[in-house]
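# Coordinate inspection notes
The primary structure of each chain is shown beneath.
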Amino acid sequence: MFFIVVDIRGKIMLTLSGISKIISGEPLISNGSLQVYAGEKVGLVGPNGAGKTTLFRLVTGEDQPDSGSVALQNDTRMAYFSQKVGEMRGRSALAEVLAGHEKVHVLAERLASYEDQLSDPNIDPDTMQTVLEKMGDDQTLFEKMGGFALESAAETILTGLGIEPSDHHKPVEHFSSGWKMRIALAKVLIVEPDLILMDEPTNYLDMETILWLESWLKSFKGAILLTTHDRDFMNGIVNRIVEVARGSITSFSGNYDFYEKEKAVRRVQNESEFNRQQSMLKKEEAFIARFKARASHAAQVQSRVKMIDKIDKVELISDDAQMRIALPSLPRGGNDVIAMQSIEKVWPRENLSPKVVFSGLSATVHRHDRIAVVGMNGAGKSTFLKVLCGQTAPTAGSVAVGPTISIGYFGQSSLEELDPSATIFEILQQKLPRTNDASLRNLLAAFLFSGDDVFKKISVLSGGEKTRVILSYLLSIPFNCILLDEPTNHLDIGSREVLLEALLRYEGTLMFVSHDRFFLRAIANRVFEVDKGSITSYDGDYRFYLSEKLRLGRSL
């Protein structure tokens, strides 16, 4: 009996062979290899700073490896989405997306120029005939390349990414940076290449848009190499995980959940193998030490020395550094934490009618509530939290905070409010003035700032590092109510899960905005939904909220 092994994978799209990359004199990646096959969906994981974005830059040619090679199959069409969207101006949102399909875009511009020429009342007949002939040829080619269908596809993608049809012809420079990022994402999707590279595509997307993008990528026939901090998003799309960590590139079959389990198994196997080898080496070294001075055992000693020199040493896999969050004891506080009575928030707008963010909300936040505040981007979730913590006053109604309640707040503006000229250590000295320097250093070490890192200026920190600075003092102050607006935005999956574990231990009252479904399911015991100028309370966890939406026939 014999077996024939058939490789059912498609052709190779991308090959990285023995690549090494040195950054600031330190090896970031050493002798790493990776292949991506046609139609394969690969998740790229690893701690912040391990080299995921560098790997993307090597694949796109923005950077070169110090050794090894990166090869893209000759006929492979590749598109890349990154957090740096570049300059966008001079086109409508729709035209900007269509420009992503370069050949069709060139034809569309030519057709537009023909129309301009033909609209000239003084055009002579010969020129008109020449223009009409060229226009006919280009229209045929445009149609053959799917140009007419492309505009409809671009509109569908823009709408799916949350940009309303009424804004499709709005100049792209009038969009905020977050919305420009959606337009840049649409430019990648419209091409439908053979291989898409995606660096954190879910950042700043609301839940509805994340679900739409997840569905689109699931049905996409090409290959995908993506990194994301959204565990559920990755689980829903990828069929292989590639870990970049400690200078190595390691592949795991399956999604992120499988990767975690398999990694734990490999760690146990590694420890067993390491311990067995160490035990064997100790015996051999004891033999050498005992008999090295005896001439009668010289040959045996020399043989064992050579054997030890040749043996491949098993290295113990070290754990990635993780935050270790210690929480302070909290004052108990009353049972009624925040009472809202008919609150309303209206923003005035120049030359436009005022915008009603929400109105008519009456609700009470109770002690030990863990309330998820959900809704589309722009619905008013951040404004709602700012009203509750007193950063902005309600236009009507009242917010009463219990007399024994102290509120801590984290918002996206918190990152911008950090003094860029101050060091991390100076920020903590300001926020925790009664804490001695040694304790501050220990606290910062728990949030992965050790040694001279504590003297880095805020101006050079990444978004994730700034978030860790804020969380380090926010969770060290004994607030018995904390409001968090997207605290996980810049954190990697490992850091998100450490924060999640800490918030599950937190004994106070919690209200938070998040688009991370894993986070929402694990923490929330109530849900406030901000939508179309009103806020609806769901007295159950996130699963209950989803089931109620489904029962009532409402989309997320």
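Below or above, wherever it landed, is the structure these notes cover.

Parameters at a glance
- Residues numbered from 1 in each chain as written.
- Predicted model: local features only at pLDDT ≥ 70, side-chain atom pairs only at ≥ 80, totals over all residues.
- Heavy atoms only, no water.
- Helix = DSSP H or I, 4+ residues; strand = E, 2+ residues; numbered from the N terminus.
- Buried < 20%, exposed > 50% of the residue type's maximum accessible area, 1.4 Å probe, protein only.
- Contact = heavy atoms within 4.5 Å.
- Areas by Shrake-Rupley, 256 points an atom, 1.4 Å probe, with all protein chains shown as cover.
- Lys, Arg positive; Asp, Glu negative; His and termini not counted.
- Charge placed at Lys NZ, Arg CZ, Asp CG, Glu CD.
- Pairing = 2+ DSSP bridges.
- Axes fitted to C-alpha atoms, helices over the stretch in contact; angles between N-to-C directions.
- Salt bridge = Lys/Arg side-chain N within 4 Å of Asp/Glu carboxyl O.
- Polar contact = N/O pair within 3.5 Å; in protein donor to acceptor, adjacent residues only side chain to side chain.
- Core = buried A, V, L, I, M, F, W, Y, C linked by side-chain atoms within 4.5 Å.
- Phe/Tyr/Trp six-rings, centres within 6.5 Å; stacked < 30°, edge-to-face > 60°.

### A short note on the overall build of the protein
- A count of helical and extended segments in the protein gives 18 helices and 18 strands.
- By principal-axis analysis of the C-alpha atoms, the protein measures approximately 110 × 75 × 55 Å.
- Burial analysis of the protein (556 residues in total) assigns 46% to the buried set.
- The contacts of the protein with a sequence gap of at least 6 include a subset with a gap of at least 24, amounting to 68%.
- Approximately 28000 Å² of the protein is accessible, and the part contributed by carbon and sulfur atoms is 50%.
- Looking at charge distribution, the protein has the averaged site of its 63 positive side-chain charges lying 9 Å from that of its 71 negative ones.

### Considering the sheet that holds strand E14 (residues 407-410)
- Strand order across the open sheet formed by 6 strands is E14-E15-E16-E12-E17-E18, with mixed pairing between neighbours. One side of each edge strand has no neighbouring strand; the edge strands of this open sheet are E14 and strand E18 (534-538). Neighbour to neighbour, the strand axes of the sheet diverge by 15° on average, direction disregarded.
- Judged from the 4 bridges that link them, strand E12 (residues 370-374) and strand E17 (residues 526-531) form a sheet pairing that is parallel. Its bridge partner lying in E17, isoleucine 371 is registered against arginine 526.
- Contacting E14 and strand E15 (481-485), helix H15 (residues 463-474) crosses the sheet at an angle of about 175° to E14.

### Focus on the side chain of arginine 468
- The topology assignment puts arginine 468 in helix H15.
- The side chain of arginine 468 is buried and forms no salt bridge, while glutamate 465, the nearest opposite charge, is found at 4.4 Å.
- A polar contact is formed between the side chain of arginine 468 and the backbone oxygen of phenylalanine 447, at a distance of 2.8 Å.

### Digging into the nonpolar core
- The biggest cluster of nonpolar side chains holds 51 residues, and the ones touching the most others in it are Ile183, Leu185, Leu189, Met198, Leu217, Leu226 and Ile241.
- No other element matches the 9 residues that helix H6 (residues 177-191) contributes to this core.
- Setting aside residues up to four positions removed in sequence, leucine 185 forms contacts with Phe81, Leu161, Met198, Pro201, Leu205 and Leu213.
- Met207, Leu444, Leu503 and Tyr506 belong to the second-largest nonpolar core, a separate cluster that totals 49 residues.

### Things to note about the pairing of E17
- The buried count for E17 comes to 5 of 6 residues, which makes it a mostly enclosed element.
- When E17 meets E18, the two strands line up antiparallel, connected through 5 bridges. Counterpart to glutamate 529 in the pairing with E18 is threonine 536.
- In sequence, E17 turns back onto E18 through a hairpin of 2 residues, with lysine 532 there showing a positive phi of about 50°.

### Brief notes about the packing of aromatic side chains
- The full count for this structure, using the stated rule, is 11 aromatic pairs.
- Arranged with centres 5.7 Å apart and planes meeting at 40°, the rings of phenylalanine 56 and tyrosine 80 form a pair that is tilted. With a gap of 24 residues between them, phenylalanine 56 in helix H1 (residues 52-60) and tyrosine 80 in strand E5 (residues 78-81) connect regions that are remote in the sequence.
- Among the residues examined, phenylalanine 56 registers a relative accessible area of 0% and is labelled buried.
- Tyrosine 80 gets classed as partly exposed once you look at its relative accessible area, which sits at 23%.
- Measuring from centroid to centroid gives 5.0 Å for tyrosine 538 and tyrosine 545, while their planes differ by 80°, and the two rings are edge-to-face. Tyrosine 545 matches tyrosine 538 in its accessibility class, with the two residues each being buried.
- Ring pairing ties together the aromatic residues Phe252, Tyr256 and Tyr259, which thus form one cluster.

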